[in-house]
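Listed below, chain by chain, are the residues.
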Amino acid sequence: MSEIKRNFIGGQWCAAAEASENRSPANPDDLIGLYARGNQADVEAAVAAAKAAQPGWGRGSPQLRSDVLRRAGDLLLARNDALGRLLAREEGKTLAEAKGEALRAAQLFHFYAGEAVRDPGEKLNSIRDGVEVDVMREPLGVVGLITPWNFPIAIPAWKAAPALAAGNAVVMKPADLTPGCAHVLAEVLEEAGCPPGVFNLVMGRGSEIGAALVQTPEVAAISFTGSERVGRGIAAGCAAGMKKVQLEMGGKNPMVVMADADLDIAVNACLNGAFFSTGQRCTASSRLIVEDRIHDAFVEKLAAAMGALRLGDPLEAETQIGPVVSEGQLAGNLDNVRLAGEEGCEVVGGQRLNRPGSFQAPALFVNARNDMRTSREEIFGPCASVIRVADFDEALAVANDTPYGLSSGICTGSLKYATAFRRGSKAGMVMVNLPTAGVDYHVPFGGRGASSLGGREQGRMAMDFYTSVKTAYTFAG
Ligand code: NAD
């Protein structure tokens, strides 16, 4: 029996009463480890430790915060290979994608090491004589960070780094399916010299640990990434407790393909956007909206490229698509494949592979309509609807006809269409001739509608959520 990985509370590695198995979705025999399953008392202890540590961290020199974050970034770089392998094993994305994600986590820590010393305050003269105004930013206090399984190191990093840079103390609750990467992050922050209590990790069930964080009055703010259903409950809980809240949720991201597009660019953008990372990205292109004149040629070429994708063990170099994250997620995907057929789509691919592990062939739902359930609800797997449209105006209308608004894209050779789409798209992120997924760490990430609430993540804008503005007046006499 392997040693149980513990929670990190107040600078101590703390045992929990229960533990969960972390197994690879690519190989049910690959037990990655046993991870502590915390409870309400662990949340209380973590919040108390964070509350005690936060004033010293928040009021201390920004140089200390910057140094800790920079060292954490360095350590993440030094561990890139091992962390990438762990990520590929526990989540199932390919080793190349996993190492890329681990690199991004390091880049985020380095970026926010800079932000820690870049004070965004302002000094103004009042409109009253002899009165000066300072507009200052202060940390919020203790923040709760709740993260999903699909980016198990990048999302913890893009929440924790700005939260810590701004002088907050953190209690992090990672996804139950993928606690391993967040556990490594806690190790890294300890080794980087983060003072005890400033960063705490409590692993366990969302309904228990996540809900306790939302309900605890000493937690000033919650930043959550996950499903819309859970996000809505968190928003309601935070409203009741008058907490600041940030939600990043699902998407049903449109990718428009115009007849004047470069066909190879369009096929590659759709292949990447829809199926890479097994389609398990909130920014995945799940609705391919194709102009009638290019529709059949596009579908033929995309289906051939999709069929040639190499599925397999994420640790093998030639693999392009790994498994679905869990048996539960795979069952949901297969239900959607069935539903797409019942709704009248021609389904290409989508079957479970006859091998151990949770493997599914990528799927296209051809002849889809935008009012079908499979075109409206997030599937979060390697499945994309193909919707035929007559022209640009219909394409833009269909692209915007969704409750979500995270990312969108267009493939076109025309500046006129590209400009009109960038202006008219009701999404937080818009791509021209690029996949809908893949946003740099130094620019704002987020969406509209049912996709996001409460301010952008990443880039400099992330600091807005993790700080509170104070307007201070002085009359010098
Ligand atoms: P999920 O909502 O099931 O879980 C997310 C986190 O919330 C987990 O840590 C979970 O344990 C916790 N949780 C569950 N119930 C809770 C409760 N009652 N109270 C508090 N916390 C609770 O989502 P998931 O399946 O882990 O992730 C997939 C979803 O995440 C997809 O919908 C995807 O679109 C979304 N996502 C969005 C973004 C984005 O930035 N917009 C990025 C990645 C993933």
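Look up: the structure comes first, before these words.
By convention here, each chain's residues receive numbers from 1 onward along its written sequence. Thresholds applied to this predicted model are a pLDDT of at least 70 for local features of residues and 80 or more for the giving and counting of side-chain atom pairs; totals over whole chains, interfaces and linings are not thresholded and use all residues. Each side-chain value is worked out from all heavy atoms of the structure, with water and hydrogens disregarded.

> Explanation requested: the overall build of the protein chain in the structure shown.
Strands are runs of DSSP state E lasting at least two residues, helices are runs of H or I lasting at least four, and both sets are numbered from the N terminus onward. Check the secondary structure of the protein chain and you find 15 helices and 21 strands. A globule of 477 residues ought to have a C-alpha radius of gyration of about 23 Å, and the protein chain, at 23 Å, matches this closely. Structurally, the protein chain occupies a C-alpha span of about 75 × 70 × 40 Å along its principal axes. Exposed residues in this analysis have more than 50% of their type's maximum accessible area, buried residues have under 20%, and partly exposed residues fall in between, with area computed by a 1.4 Å probe over protein chains only. Sorting the 477 residues of the protein chain into buried and exposed places 56% on the buried side. Atoms counted for the radius of gyration: C-alpha only. Globule rule: 2.2 Å times residue count to the power 0.38.

> So what exactly am I meant to see when it comes to the packing of helix α3 (residues 80-91) against helix α4 (residues 95-117) here?
Each pair of packed helices can be described by the angle between their axes along with the distance between the axes. What counts as an axis is a line fitted to C-alpha atoms, over the stretch in contact for a helix, and the angles between N-to-C directions run from 0 to 180 degrees. Running from amino to carboxyl end, α3 crosses α4 at an angle of 125°, the nearest separation of the two axes being 8 Å. Comparing the axis directions of α3 and α4 gives the class oblique. Read as a crossing pair, α3 and α4 show a hand that is right-handed. Residues Asn 80, Asp 81, Leu 83, Gly 84, Arg 85, Leu 87 and Ala 88 of α3 form the contact with α4, whose participating residues are Leu 95, Ala 98, Lys 99, Glu 101, Ala 102 and Leu 103. Under this scheme an angle from 65 to 115 degrees is roughly perpendicular, one under 35 degrees roughly parallel, and one over 145 degrees roughly antiparallel; angles in between are oblique. With the far helix as reference, a near helix turned anticlockwise by less than a right angle produces a left-handed crossing, and one turned clockwise produces a right-handed crossing. Between two residues, a contact is recorded if the distance between any of their heavy atoms is within 4.5 Å.

> When you look at the sheet that holds strand β7 (residues 131-139) in this model, what are you seeing that I'm missing?
Strand pairs in the sheet, formed through backbone hydrogen bonds, run parallel or antiparallel to each other. Whether two strands pair depends on DSSP finding at least two bridges between them. Within the open sheet, the three strands sit side by side as β6-β7-β21. Their pairing is antiparallel. Among the strands making up the open sheet, the edge pair consists of β6 (122-125) and β21 (467-475). In this sheet, neighbouring strand axes are inclined to one another by 20° on average, regardless of whether the strands run parallel or antiparallel. In the sheet, β6 pairs with β7 via four bridges, with the strands oriented antiparallel. Of the residues in β7, the one forming a bridge with Lys 123 is Asp 134.

> Would you mind going over the pattern of salt bridges with me for this structure?
Only one rule defines a salt bridge in this text: a Lys or Arg side-chain nitrogen within 4 Å of an Asp or Glu carboxyl oxygen. Applying the stated criterion across every chain yields a total of 25 salt bridges. Across the pair Arg 79 and Glu 187 runs a salt bridge whose closest N-O atoms are separated by 2.9 Å. Taken together, the positions of Arg 79 in the loop between α2 (62-78) and α3 and Glu 187 in helix α6 (residues 180-191) put the pair 108 residues apart, joining distant regions of the chain. Here Arg 369 makes a salt bridge to Asp 371, at a shortest N to O gap of 3.0 Å.

> How do you make sense of helix α1 (residues 40-59) when you look at a structure like this?
Residues lying three or four places apart along an α-helix face the same way, a consequence of the helix completing one turn every 3.6 residues. Here α1 spans 29 Å end to end across 20 residues, near enough to the 28 Å set by a 1.5 Å rise per residue. Fitting one axis to the seven residues ending at a residue and another to the seven starting there, the bend at that residue is the angle between the two axes. When the local axis directions of α1 are compared, the greatest deviation, roughly 40°, occurs at Ala 53, which is followed within four positions by the proline Pro 55. Residues of α1 that are buried include every one of Asp 42, Val 43, Ala 46, Val 47, Ala 49, Ala 50, Ala 53, Gln 54, Trp 57 and Gly 58, and no others. Between N or O atoms, a polar contact is any pair within 3.5 Å; within protein, one atom must be a potential hydrogen donor and the other a potential acceptor, and residues adjacent in sequence are included only when both atoms are from side chains. Between the side-chain oxygen at the start of α1 and the backbone nitrogen of Ala 41 there is a gap of 3.1 Å, and the oxygen is on Asn 39. By definition here, a helix of n residues has an expected span of 1.5 Å times n minus one.

> Could you clarify how one ought to interpret the packing of aromatic side chains in this entry?
What describes a pair of aromatic rings is the distance from one ring centre to the other and the angle between the planes of the rings. To pair, rings of Phe, Tyr and Trp, with the six-membered ring standing in for Trp, must have centres within 6.5 Å; the planes then decide the type, stacked if under 30 degrees apart, edge-to-face if over 60, and tilted in the middle. Throughout the structure, instances matching the rule amount to seven aromatic pairs. Ring geometry for Phe 111 versus Tyr 441: centroids 6.1 Å apart, planes at 75°, classification edge-to-face. Note that Phe 111 is positioned in helix α4 and Tyr 441 in the loop between β19 (429-432) and β20 (452-453), a separation of 330 residues in sequence. A residue is classified by how much of its surface remains accessible, and Tyr 441, at 26% relative accessible area, is partly exposed. Their ring planes at 15° and their centres at 5.0 Å tell us that Phe 392 and Tyr 417 sit as a pair that is stacked. Here Phe 392 is found in helix α13 (residues 392-400), whereas its partner Tyr 417 is found in helix α14 (residues 415-424), with 25 residues between them in sequence. Looking at Phe 392, the relative accessible area reads 9%, which means it is buried. Ring pairs connect the aromatic residues Phe 111, Tyr 112 and Tyr 441, which therefore count as one cluster.

> What's the story with the site of the ligand in this structure? I'm lost.
The cutoff for a nearby residue is simple: one of its non-hydrogen atoms must lie within 4 Å of the molecule or strand. Around the ligand, the surrounding shell holds 28 residues, and the nearest of these are Thr 147, Asp 176, Ser 227, Met 249 and Glu 378. Here Ser 227 contributes a side-chain N or O atom positioned 2.6 Å from an oxygen atom of the ligand. A distance of 2.7 Å separates a nitrogen atom of the ligand from a polar backbone atom of Met 249. Taken by itself the ligand offers 850 Å² of open surface, and the protein chains cover 86% of this. Looking at the shell around the ligand, the elements with two or more residues in it are α7 (206-215), β11 (219-225) and α8 (228-240). No other element matches the four residues that α7 contributes to the shell around the ligand. For the shell around the ligand, the per-class residue count stands at 15 nonpolar, nine polar and four charged. What sets the accessible areas is the Shrake-Rupley method with a 1.4 Å probe; for residues, cover comes only from the shown protein chains. Gly is put with the polar residues, along with every residue not named as nonpolar or charged; the nonpolar set is Ala, Val, Leu, Ile, Met, Phe, Trp, Tyr, Cys and Pro, and the charged set is Asp, Glu, Lys and Arg.

> Where do I start with unusual backbone geometry in this structure?
Excluding glycine, residues mostly have negative phi values, and the peptide bonds linking residues are mostly trans. A positive phi is found at Met 242, a non-glycine position, where the angle reads about 55°. Looking at the secondary structure, you find Met 242 in the loop between α8 and β12 (244-248). Residue classification places Met 242 among the exposed residues on the basis of a relative accessible area of 75%. Not every positive phi belongs to a glycine, and Phe 380 is a case in point at roughly 65°. Structurally, Phe 380 is set in the loop between α12 (373-376) and β17 (383-389). You can call Phe 380 buried: its relative accessible area is 17%.

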